Structures are given as C-alpha cells and as structure tokens.
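Reading the structure
Chain by chain, the residues run as shown.
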Amino acid sequence: MLEIIPVPAFKDNYIWLLHQHGHAVVVDPGDAQPVLETLSALGLQLNAILVTHHHMDHIGGVEELIHATPARAFAPEKEQYPFPHQPVVAGDRLDFAEPALSLSVLEVPGHTLGHVAYCGSGMLFCGDTLFGAGCGRLFEGTPEQMYTSLQQLTELPADTKVYCAHEYTEHNLEFALSLEPGHVALLARQQATSALRAKGLPSLPSSLALELATNPFLRCHEPGVIAASGSATPDPVNVFTAIREMRNHF
Ligand SMILES: [Zn+2]
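Right, let's walk through the structure included here. In this text the structure is predicted, and so the values were computed from the model without any measurement.

1. Description of the nonpolar core
- Residues Leu 50, Tyr 118, Leu 150 and Leu 153 are the most contacted members of the largest nonpolar core, which totals 48 residues.
- With residues near it in sequence (within four places) discarded, Leu 50 still touches Val 25, Val 26, Val 27, Asp 28, Pro 29, Phe 74, Leu 94, Phe 96, Leu 103 and Tyr 118.
- Counting residues in hydrophobic clusters, the runner-up holds 22 residues, among them Ala 9, Ile 15, Ala 24 and Val 35.

Following this line, the structure appears as structure tokens:
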C-alpha cells in the first residue's frame, strides 16, 4: 500500500512524500532537513525527487538530498536548474519500481512558464498551479495561460486527489465566499476545513470534484462568479483575469 504524507516546511509549504516498502519519492523539497528527518524516522530510502517549478521554496533542498541519498531528480525541461536532473516535458511517463508508481507529466504554465504537474494512480501533484479553493499567482505567465492550464486539470477524473504545495485553503475559502456568498458547498467546505485546521491537520489533499464545486478559478462560467467579477463580458478568461486580480488584493 502506497502511503502519502505531507512533510511541512517553512510557513505553509507541504513537501509530499510517497512511500512503500521502505522506498520513497518526494515532490518539491524546498528544504532538505524535514525530509531527511522523516526518511530517518520512518527508515526510508529516497529514490526520486519530482520538481514542479523553479521557485526556491520548492527546490531549496534538492541539492542536499541528491548528495545525501540515492535519489534522482526530475524537473521541467523549460526551466533552468542548478542541480543534475532528468528534464521532463508534457506527455512523459515516469515509471518507478519502488515505490510502485506511474506518473504522467502535464505542462501547466501560468505561475511560472515551465511549471509542470505530475498525475497518475488517482493523484495530482500540482505545485503552485491549483490550490485548495484557489490558484497560484501569475508570476511569469498570462491569465489566459493559467486559465488553460487549470482547464486541463479539470479533465482529470473527478475523484483525483489534489496534492497542492501550500496550505492556503482557509484564506482562499474566504475569498471564494466573497464571490459566491451563501454557496452551500463552499460553506460546507469552510466548516470542514476549519475543523481540520483547528486540530492542526492539513486541509489537503482535496479532490478535483471538491475543487470543481468550490474553487472560483474553476467556476469562471458560473453566473454568480461572473457577476462578482465585474467583468464586462462573461468570457471565462476575462472573468478569470478579473478574479485573479481581485485575489491579489484580498
Ligand atoms: Zn511558486
């Protein structure tokens, strides 16, 4: 049985660690120390490091982990990295024997231009593209690129578990409720999320079905979101652009 655990790092990052039979893979290790501590505590060998994009809070621990473990790193071909890695592009399939895992690479530009996501076996590791009830900031890409990337993710099976790289869900839900006040699914999610966070538990993974029901950035076609966006037209890219800008100042 494959186990997936969040290794907390910095203020609100999650480094997702997948393990089975003593072998592990990590996604976006911004810091090596908490990963090494977890590997040691659970008696795991690290075999692979998956990187979604080039921001330091996602790659800061890679170099040290490569030196301290047998792990190989995988990172987007369209970005520059200071450590040895196998470049990945859309459509690549990564097959690991231990832990037994098969993941496909999706290119999801927007937060950064080379950003990738890894998906397979009912899981999605989306870095800073999709968040619980939110999405990443547009540091490098255009709103249209990010909108298209998010739409690509919505084509995955609805029961796909969504493993985001930050714990931003509570604040995102407040913003979502400012756009769709009284939306029942949102209120239910806010209640469930608050209960988890009050116990110090992660609000993640989420599911694609839950994001489709509550994430305003996947709901740019909904009348309530269109109206709240103030967009002059109901064009979903215009609506997305407007609410992404609103979220920047929320
Ligand atoms: Zn980032």
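2. Structural notes on the coordination of the zinc ion
- For the zinc ion, the protein coordination sphere consists of His 53 (NE2), His 55 (ND1), His 111 (NE2) and Asp 128 (OD), at 2.1 to 2.3 Å.
- One can describe the site at the zinc ion as irregular: its four donor atoms subtend angles covering 89 to 169 degrees at the metal.
- Its relative accessible area of 4% is what places His 111 among the buried residues.

3. Notes on the sheet that holds strand E10 (residues 123-127)
- Spatial ordering of the open sheet is given by E7-E8-E9-E10-E13-E14, a layout of six strands whose pairing is mixed. The strands lining the two open edges of the sheet, one partner per strand, are strand E7 (93-96) and strand E14 (206-207).
- Note that strand E13 (residues 161-164) and E14 share two bridges and pair antiparallel. Bridge pairing in E14 links Val 162 to Ser 206.

4. Considerations on the sheet that holds strand E3 (residues 23-27)
- What the six strands build is an open sheet, ordered E1-E2-E3-E4-E5-E6; its pairing is mixed. Where the open sheet ends on each side, the last strands, each with one partner, are strand E1 (3-9) and strand E6 (86-88). Neighbour to neighbour, the strand axes of the sheet diverge by 25 degrees on average, direction disregarded.
- In this sheet, E6 lies alongside strand E5 (residues 72-76) in parallel orientation, the contact comprising three bridges. Counterpart to Pro 76 in the pairing with E6 is Val 88.
- Here helix H1 (residues 32-42) sits on the sheet and contacts E1, strand E2 (13-20), E3 and strand E4 (45-50); the angle it forms with E1, its principal contact strand, is near 140 degrees.

5. Some words on unusual backbone geometry
- That bond from Glu 98 to Pro 99 is cis: its omega, -5 degrees, falls within 30 degrees of zero.
- Relative to the helices and strands, Pro 99 is located in the loop between E7 and strand E8 (101-107).
- Cis rather than trans, the peptide bond between Leu 204 and Pro 205 has omega equal to 0 degrees.
- Tracing the backbone through its elements, the reader meets Pro 205 in the loop between helix H6 (184-198) and E14.
- Positioned with a positive phi, Asp 28 is a non-glycine residue whose angle comes to about 55 degrees.
- Among the structural elements, Asp 28 can be located in the loop between E3 and H1.
- Residue class for Asp 28 comes out buried when judged on its relative accessible area of 3%.

Thresholds applied
Residues numbered from 1 in each chain as written. Predicted model: local features only at pLDDT ≥ 70, side-chain atom pairs only at ≥ 80, totals over all residues. Heavy atoms only, no water. Core = buried A, V, L, I, M, F, W, Y, C linked by side-chain atoms within 4.5 Å. Buried < 20%, exposed > 50% of the residue type's maximum accessible area, 1.4 Å probe, protein only. Contact = heavy atoms within 4.5 Å. Donors = N, O, S within 2.8 Å, 3.2 Å for Na, K, Ca; no water. Tetrahedral: all angles 85-135°; square planar, octahedral: opposite > 155°, others 65-115°. Pairing = 2+ DSSP bridges. Helix = DSSP H or I, 4+ residues; strand = E, 2+ residues; numbered from the N terminus. Axes fitted to C-alpha atoms, helices over the stretch in contact; angles between N-to-C directions.

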